[in-house]
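# Structural overview
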Amino acid sequence: MKSKIFRFILASAFVLTACQTVRTAEIPTANIREIVNSSDVTLVDVRVPEQYAAGTAKNTINIPLAEIQNNIENLKGKKVVVFCNKGMQADEALEILKKNGVEVYDGTTWKNVKAIQEENK
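Note that the coordinates shown come from a computational prediction; the quantities given were computed from them, not determined experimentally. (Residues numbered from 1 in each chain as written. Predicted model: local features only at pLDDT ≥ 70, side-chain atom pairs only at ≥ 80, totals over all residues. Heavy atoms only, no water.)

The next point concerns the overall build of the chain. Counting its regular elements, the chain contains six helices and four strands. Residue pairs in contact within the chain that sit at least 24 positions apart in sequence constitute 62% of those at least 6 positions apart. Accessible surface computed for the chain: about 8,600 Å², of which carbon and sulfur atoms make up 55%. (Helix = DSSP H or I, 4+ residues; strand = E, 2+ residues; numbered from the N terminus. Contact = heavy atoms within 4.5 Å. Areas by Shrake-Rupley, 256 points an atom, 1.4 Å probe, with all protein chains shown as cover.)

So this is what it looks like as structure tokens:
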């Protein structure tokens, strides 16, 4: 009985150590600095109009998250960067736009996008 248990443990250890993980193809990460400063990018602040009016990055349009679904057709065919105050609304907008075939990137916050723009002055 002990030898059967020992053989089982030994065989299990061999099988577990022989397994290799399959490497998946790495998806290249876009350089957000290049995209934000691209001449053909559409910068979209997804905060509410009051927050947008209080300050945002330059050359930005305001499409609040609640209205993003209604603006998908206007954004298709464009390179879009979405951002908000803390990044949470931008993440939601990113997922909605991706699911609908929009080329979209996460700028995270408006301050981040503004800082990227100011780096190239």
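Buried residues dominate strand S3 (residues 79–84), accounting for six of its six residues. Here S3 shows two buried faces, one formed by Lys79, Val81 and Phe83 and the other by Val80, Val82 and Cys84. Inspection of the sheet shows strand S1 (residues 41–45) paired to S3 by five bridges, in the parallel sense. Note on S3: the bridge partner recorded for valine 41 is lysine 79. (Buried < 20%, exposed > 50% of the residue type's maximum accessible area, 1.4 Å probe, protein only. Pairing = 2+ DSSP bridges.)

For the rest of this paragraph, the subject is the pattern of salt bridges. Here the structure, examined in full by the defined rule, presents four salt bridges. The salt bridge involving arginine 47 is made with aspartate 45; its shortest N-O contact spans 2.7 Å. The pair arginine 47 / aspartate 45 is uniform in exposure class, with both members buried. (Salt bridge = Lys/Arg side-chain N within 4 Å of Asp/Glu carboxyl O.)

So, about helix H5 (residues 88–99). Across its twelve residues, H5 extends 17 Å between first and last C-alpha, which sits within 8% of the 16 Å expected from 1.5 Å per residue. Along H5, the residues that are buried comprise Ala90, Ala93, Leu94 and Leu97. Along the axis of H5, the buried positions cluster into a sector of 105°, meaning they face one direction only. Relative to its buried face, H5 has exposed residues pointing more than 90 degrees away, namely Met88 and Lys99. Glycine 101 sits one or two positions beyond H5 and adopts a positive phi of about 80°. (Expected span 1.5 Å × (residues − 1). Arc of directions from axis to C-beta.)

What follows is about the confidence of the model for the chain. Across the chain, the average pLDDT comes to 85, with 77% of residues at or above 70. Ignoring residues within four places in sequence, the model shows residues 19–28, a span with pLDDT below 50, making zero contacts including any to other chains. (pLDDT = per-residue confidence, 0-100.)

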